[in-house]
Amino acid sequence: MFGNLRGWEIFVILGVVILLFGAKKLPDMARSLGKSARILKSEAKAMKKDGEADDAAGAAPAADASAQQPVAPRTIQAAPGDVTSSRPVSEPNRTAQG
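The structure presented is a predicted model; accordingly, all values stated were derived computationally and were not measured.

Calculation notes
- Residues numbered from 1 in each chain as written.
- Predicted model: local features only at pLDDT ≥ 70, side-chain atom pairs only at ≥ 80, totals over all residues.
- Heavy atoms only, no water.
- Helix = DSSP H or I, 4+ residues; strand = E, 2+ residues; numbered from the N terminus.
- Buried < 20%, exposed > 50% of the residue type's maximum accessible area, 1.4 Å probe, protein only.
- Contact = heavy atoms within 4.5 Å.
- Areas by Shrake-Rupley, 256 points an atom, 1.4 Å probe, with all protein chains shown as cover.
- Salt bridge = Lys/Arg side-chain N within 4 Å of Asp/Glu carboxyl O.
- Expected span 1.5 Å × (residues − 1).
- Patch = residues over 30% accessible without salt bridge, like charges linked within 9 Å, V, L, I, M, F, W, Y side chains within 5 Å.

Draft legend 1. Representation of the overall build of the protein chain. Of the regular secondary structure elements, the protein chain holds two helices and two strands. Along the chain direction, N to C, the helices and strands of the protein chain fall in the order α-α-β-β. Expressed as a percentage of the 98 residues in the protein chain, the buried residues total 8%. Across the protein chain, the fraction of contacts at a sequence separation of at least 24, relative to all contacts at a separation of at least 6, is 43%. By element, 63% of the accessible surface of the protein chain is carried by carbon and sulfur atoms, the whole surface being about 8,700 Å².

Draft legend 2. Structural detail: the pattern of salt bridges. Per the stated rule, a full pass over the model turns up two salt bridges. As a salt-bridge pair, Arg6 and Glu9 come within 3.6 Å of each other at their nearest N and O atoms. The shortest N-O distance in the salt bridge between Asp28 and Arg31 comes to 2.9 Å. Residue Asp28 and its partner Arg31 are both found in helix α2 (residues 26-59); the two are separated by three residues, about one turn of the helix. A residue is classified by how much of its surface remains accessible, and Asp28, at 45% relative accessible area, is partly exposed. We classify Arg31 as partly exposed; its relative accessible area is 49%.

Draft legend 3. Expanded view of helix α1 (residues 7-21). Counted at 1.5 Å a residue, the expected span for α1 with its 15 residues is 21 Å, and the 21 Å between its end C-alpha atoms agrees. Note on α1: the residue one or two positions beyond its end, Gly22, has a positive phi of about 85 degrees.

Draft legend 4. The arrangement of a nonpolar patch on the surface in detail. Residues Trp8, Val12, Val16, Leu20, Phe21 and Met29 make up a contiguous nonpolar surface patch of about 620 Å² in total accessible area. Counting residues per element, the nonpolar patch draws most heavily on α1, which supplies five residues. Assignment of secondary structure puts Trp8 in helix α1.

What follows is the structure in structure tokens.
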């Protein structure tokens with residue numbers, strides 16, 4: 001992406017970004033971008049684990065479906081320890097599919 005840009009061109013682009021957004025808002029924007037990246041990473045890991053668990057459950061049929069405990073809804077957190085932005089995740093009910 002930056003293979004064709006030389007050093008001074010990158011400094012010019014950074015200067016324009018600072019002029020457009022202001023030096024005070026850049027740390028907030030970077031912090032917000034970091035939170036978004038953490039959320040995306042954690043959700044990708046959770047989806048991968050859910051997919052692996054679904055594959056394993058599909059390979060070995062359950063003896064009694066009524067004996068399963070109800071699962072608590074998962075929540076997405078913006079950052080570790082940040083409970084103000086947590087929200088429940090609605091997931092489809094997979095027990096009705098047959």
